[in-house]
Amino acid sequence: MIKDVLKEIKNSKVYSKVLIGKNLNISESMVEELTSQLVRMGYIKEEMGSPTCESKCSGCAVSNCNINPIKTLSITSKGERILKN
């Protein structure tokens, strides 16, 4: 199940517990727990985006935001290796 969540995160433009839960037929709280495990295991990392979007990340699905910092998830090289297996 952890690998399934990792795949969903990789294939999503925006992290959504609701969407991942729906796609995998699990609860949002389970998605949150599995995501926390992925962070602890070093397969993904969480980062807080700039509240003013100073980076102007054109690839971001919410690149026009300027209200609150956005938590992003990225797959680490360790996570990429797991996905290839």
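I will try to describe carefully the structure that is included in this document. (Residues numbered from 1 in each chain as written. Predicted model: local features only at pLDDT ≥ 70, side-chain atom pairs only at ≥ 80, totals over all residues. Heavy atoms only, no water.)

**As for the pattern of salt bridges**
- Across all of its chains, the model carries four salt bridges by this definition.
- Lysine 10 is the salt-bridge partner of glutamate 80, the closest N and O atoms lying 3.0 Å from each other. With glutamate 80 in helix H4 (residues 77-84) and lysine 10 in helix H1 (residues 2-11), this residue pair connects regions lying 70 residues apart in the sequence.
- For glutamate 80, a relative accessible area of 26% puts it in the partly exposed group. (Salt bridge = Lys/Arg side-chain N within 4 Å of Asp/Glu carboxyl O. Helix = DSSP H or I, 4+ residues; strand = E, 2+ residues; numbered from the N terminus. Buried < 20%, exposed > 50% of the residue type's maximum accessible area, 1.4 Å probe, protein only.)

**Concerning the packing of aromatic side chains**
- Going through the model one piece at a time under the given rule, you end up with zero aromatic pairs.
- Positioned above the aromatic ring of tyrosine 43 is the side chain of lysine 78, whose terminal nitrogen or guanidinium carbon lies 5.2 Å from the ring centre. (Phe/Tyr/Trp six-rings, centres within 6.5 Å; stacked < 30°, edge-to-face > 60°. Lys NZ or Arg CZ within 6 Å of the ring centre and 35° of its normal.)

**Quick look at the packing of H1 against H4**
- Viewed as axis vectors pointing N to C, H1 and H4 meet at an angle of 110°, and their least axial separation amounts to 10 Å. As far as their axial angle goes, H4 and H1 are roughly perpendicular. Remark: the crossing between H1 and H4 carries left-handed chirality. Mapping the contact onto sequence places Lys3, Leu6, Lys7 and Lys10 in H1 and Gly79, Glu80, Ile82 and Leu83 in H4.
- Residues of the contact of H1 with H4, tallied by class, amount to three nonpolar, one polar and four charged. (Axes fitted to C-alpha atoms, helices over the stretch in contact; angles between N-to-C directions. Parallel < 35°, antiparallel > 145°, perpendicular 65-115°, else oblique. Left-handed = near helix turned anticlockwise from the far one by under 90°. Contact = heavy atoms within 4.5 Å. Nonpolar A, V, L, I, M, F, W, Y, C, P; charged D, E, K, R; others polar.)

**Digging into the side chain of glutamate 8**
- The residue glutamate 8 is located in helix H1 in this model.
- Comment: no salt bridge for buried glutamate 8; closest opposite-charge side chain is lysine 7, at 8.9 Å.
- Separated by 2.9 Å, the side chains of glutamate 8 and asparagine 23 make a polar contact.
- Glutamate 8 has contacts with Ile20, Asn23 and Leu24, leaving out every residue within four places of it along the chain. (Lys, Arg positive; Asp, Glu negative; His and termini not counted. Polar contact = N/O pair within 3.5 Å; in protein donor to acceptor, adjacent residues only side chain to side chain.)

The values are spatial; any link to function lies outside them.
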